[in-house]
Amino acid sequence: MKGPLLGSMFSRHVKRHPGLIPLIGFISVGLGSAVLYLLRLALYSPDVSWDRKNNPEPWNKLSPTDQYKIWGGERCPPHFAAKARLQRRLCQT
């Protein structure tokens, strides 16, 4: 094998530049969060069907009380309640 291994090059670079450690940490947390969110969407979303033979239309088995969205899509979210001026302007019926 020619040249040093990738892991040893990485550790030497981080030892020379310790300011990169927080950057690497934040990037790792961001990537991990994105992967977990995609797994959540793939496994628990009613729009995704992994088994077409036994359950071809899983969204038809949801009751009206099942919550599968993070936010229900109301026109006026609750955090606008404190801002009366914005609420009157955005939530006119």
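Given the structure is predicted, the values throughout are model-derived calculations rather than measurements.

Okay, the overall build of the chain next. A tally of regular secondary structure across the chain gives three helices and zero strands. The N-to-C order of helical and strand elements in the chain reads α-α-α. Counting the 93 residues in the chain, one finds 8% classified as buried.

Moving on: a nonpolar patch on the surface. On the surface, V35, L36, L39, L43, Y44, V48 and W50 cluster together into a nonpolar patch covering about 820 Å² of accessible area. The topology assignment puts W50 in the loop between helix 2 (20-44) and helix 3 (84-90).

To continue, consider the confidence of the model for the chain. Per-chain confidence: the chain averages 76 in pLDDT, with 62% of residues scoring 70 or above. Put simply, helix 3 is where the chain has its lowest mean pLDDT, 59, and helix 2 is where it has its highest, 93.

Calculation criteria
- Residues numbered from 1 in each chain as written.
- Predicted model: local features only at pLDDT ≥ 70, side-chain atom pairs only at ≥ 80, totals over all residues.
- Heavy atoms only, no water.
- Helix = DSSP H or I, 4+ residues; strand = E, 2+ residues; numbered from the N terminus.
- Buried < 20%, exposed > 50% of the residue type's maximum accessible area, 1.4 Å probe, protein only.
- Patch = residues over 30% accessible without salt bridge, like charges linked within 9 Å, V, L, I, M, F, W, Y side chains within 5 Å.
- Areas by Shrake-Rupley, 256 points an atom, 1.4 Å probe, with all protein chains shown as cover.
- Salt bridge = Lys/Arg side-chain N within 4 Å of Asp/Glu carboxyl O.
- pLDDT = per-residue confidence, 0-100.

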